[in-house]
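# Architecture and fold: a report
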Amino acid sequence: AAPSSACTLLDHARTRVLGPALAHAVRASKLLVVGAGGIGCELLKNLVLTGFEQMEIIDLDTIDVSNLNRQFLFRARHVGQAKAVVAREVVLGLNPRAAETIVAHHANVKDPQFGLDYFQQVGERRGEEEGRREGSRRRERGRAKWLNGF
């Protein structure tokens, strides 16, 4: 039977390119992206197109007119809005299935809400029991997945 949606077509293509095990690992991974600016925009687009669906984005900045020529996720109508929030909205157009699992925070990563407890939970909120166990093992080994989009 033919795939019934654009997401299914993309999943099929990713599985063919990455192989079933890696494609599953990508979808099960939980990422934290700090910064949704110039590098962060490119990074978010590439992550979502690769198949990552579970991520949190933190950026304290808002979109300025000067950002529009180099931060391609943003348009003139977005000026004045939070970069993390708009970046999330735009990349959801590339994979609408991730609407429940990509979270945007218009905040400073140094804010008290992002203390040690928050970062320890990033690996635990993966959704699958297997993912939670793997996240705990990675934290114990000190190899959590961190991506800096600055």
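Cut-offs applied
Residues numbered from 1 in each chain as written. Predicted model: local features only at pLDDT ≥ 70, side-chain atom pairs only at ≥ 80, totals over all residues. Heavy atoms only, no water. Helix = DSSP H or I, 4+ residues; strand = E, 2+ residues; numbered from the N terminus. Buried < 20%, exposed > 50% of the residue type's maximum accessible area, 1.4 Å probe, protein only. Contact = heavy atoms within 4.5 Å. pLDDT = per-residue confidence, 0-100. Polar contact = N/O pair within 3.5 Å; in protein donor to acceptor, adjacent residues only side chain to side chain. Phe/Tyr/Trp six-rings, centres within 6.5 Å; stacked < 30°, edge-to-face > 60°. Core = buried A, V, L, I, M, F, W, Y, C linked by side-chain atoms within 4.5 Å. Pairing = 2+ DSSP bridges.

### What to know about the side chain of Arg14
Considering the arrangement of structural elements, one finds Arg14 in helix 1 (residues 6–18). Owing to a relative accessible area of 10%, Arg14 belongs among the buried residues under this scheme. Among all residues touching Arg14, those that are not within four sequence positions of it are Gly19, Ala23, Val48, Leu49, Thr50 and Gly51.

### A few points about the confidence of the model for the protein chain
With 77% of its residues at a pLDDT of at least 70, the protein chain reaches an overall mean of 82. Low pLDDT (under 50) marks residues 126–132, which in the prediction has 17 contacts with non-local residues, meaning those over four places away or in another chain.

### Some remarks on the side chain of Gln54
When you line up the elements, Gln54 lands in strand 2 (residues 54–59). For Gln54, the side chain forms a polar contact with the main-chain oxygen of Arg27, separated by 3.1 Å.

### What to know about the packing of aromatic side chains
According to the stated counting rule, one finds 1 aromatic pair in the structure shown. Relative to Tyr118, the ring of Phe114 lies with its centre 4.8 Å away and its plane at 75°, an arrangement referred to as edge-to-face. As far as burial versus exposure is concerned, Phe114 and Tyr118 are alike and both buried.

### A word on the nonpolar core
Core analysis: the largest hydrophobic core is formed by 21 residues, its most contacted members being Leu44, Met55, Phe74 and Ile102. Sort the elements by how many residues they give to this core and helix 4 (residues 83–92) lands first, with 5 residues. Met55 has contacts with Lys30, Leu31, Val33, Leu44, Leu47, Val48, Thr101, Ile102 and Val103, leaving out every residue within four places of it along the chain. Core analysis: the next-biggest nonpolar cluster, separate from the first, contains 7 residues, Ile58, Ala107, Tyr118 and Phe119 among them.

### A short note on the pairing of strand 1 (residues 30–34)
For strand 1, the tally of buried residues reaches 5 of 5 residues, placing the bulk of the element in the interior. Every second residue of strand 1 is oriented toward a common face, with Lys30, Leu32 and Val34 on one face and Leu31 and Val33 on the other, all of them buried. For strand 1 and strand 2, the ladder comprises 5 bridges, and the chain directions are parallel. Within the sheet, the bridge partner assigned to Val34 lies in strand 2 and is Ile58.

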